[in-house]
Amino acid sequence: MRPVNQLYDDHVQERSADVSTAEAARKVAGVARFPSLKAKKLIRVLEAQPLGYRVVRQKGSHRKLEAPSHPPITFAFHDNQTIRPGTVKDILCNQVGLAEQDALALL
């Protein structure tokens, strides 16, 4: 019988092989990886050029942002809240209307 720590080491090695295989498959498929961001940083990205959003109204943590050439969005996060990668992608790609590569270039 093998010692417990040897079994654990074998499991860790198998698991790391699975993760690297999944990362390689993701890179081959061309799936972009969006980072998680603090809400304050995402607001700065939206307000910076070329997007040019500005806060036109705020009540609590809900901010209404408008830009001349993009659709208005409502941003409902506290400044120090961490926004998950999928939500960052949703805001930049679906709500603002950017392509994935353009959105990643802004980050």
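A. Just the nonpolar core, in detail. In terms of nonpolar packing, the biggest core is built from 21 residues, with L42, L46, Y53 and F75 touching the most fellow members. Listed by contribution, the elements that provide at least two residues to this core are α2 (39–47), β3 (62–67), β4 (70–76) and α3 (85–95).

B. Spotlight on the pairing of strand β2 (residues 54–59). Where burial is concerned, little of β2 is hidden: zero out of the six residues are buried. The pairing of β2 with β3 spans five bridges and is classified as antiparallel. Bridged to K59 within β3 is H62. Turn length for the β2-β3 hairpin, with the two strands adjacent in sequence and antiparallel, is two residues, and the turn residue G60 shows positive phi of about 70°.

C. Summary view of α3. Every buried residue of α3 is accounted for by V88, I91, L92 and C93. With its buried residues spanning 165° around the axis, α3 presents them on a single face. Seen from the buried face of α3, the exposed residues on the opposite side, beyond 90 degrees, are G86 and N94. Where α3 is buried, its residues contact β1 (37–38), α2, β4, β5 (82–83) and α4 (100–106). Phi turns positive, to about 95°, at G97, one or two residues after α3.

D. Region of interest: unusual backbone geometry. Residue P50 follows Q49 across a cis peptide bond; omega there is 15°. By the secondary structure assignment, P50 is in the loop between α2 and β2.

E. Up close: the sheet that holds β3. The three strands lie next to each other as β2-β3-β4, forming an open sheet whose pairing is antiparallel. Across the chains shown, the open sheet's two edge strands, defined by having one partner strand only, are β2 and β4. Here the average twist between neighbouring strands, direction ignored, is 20°. α2 contacts β2, β3 and β4 of the sheet and is inclined by roughly 165° relative to β4.

F. Fine view of the pattern of salt bridges. Taken as a whole, this structure holds two salt bridges when the rule is applied. The partner of D79 in a salt bridge is R63, with the nearest N and O atoms 2.6 Å apart. Here the residue D79 occupies a position in the loop between β4 and β5, and R63 occupies one in strand β3, the gap between them amounting to 16 residues. Taking relative accessible area as the criterion, R63 reaches 11% and is therefore assigned buried. Between K89 and E100 there is a salt bridge whose closest N-O contact spans 3.0 Å. Of this pair, K89 sits in helix α3 while E100 sits in helix α4, and the two are 11 residues apart along the sequence.

Conventions used here
Residues numbered from 1 in each chain as written. Predicted model: local features only at pLDDT ≥ 70, side-chain atom pairs only at ≥ 80, totals over all residues. Heavy atoms only, no water. Core = buried A, V, L, I, M, F, W, Y, C linked by side-chain atoms within 4.5 Å. Buried < 20%, exposed > 50% of the residue type's maximum accessible area, 1.4 Å probe, protein only. Helix = DSSP H or I, 4+ residues; strand = E, 2+ residues; numbered from the N terminus. Pairing = 2+ DSSP bridges. Arc of directions from axis to C-beta. Contact = heavy atoms within 4.5 Å. Axes fitted to C-alpha atoms, helices over the stretch in contact; angles between N-to-C directions. Salt bridge = Lys/Arg side-chain N within 4 Å of Asp/Glu carboxyl O.

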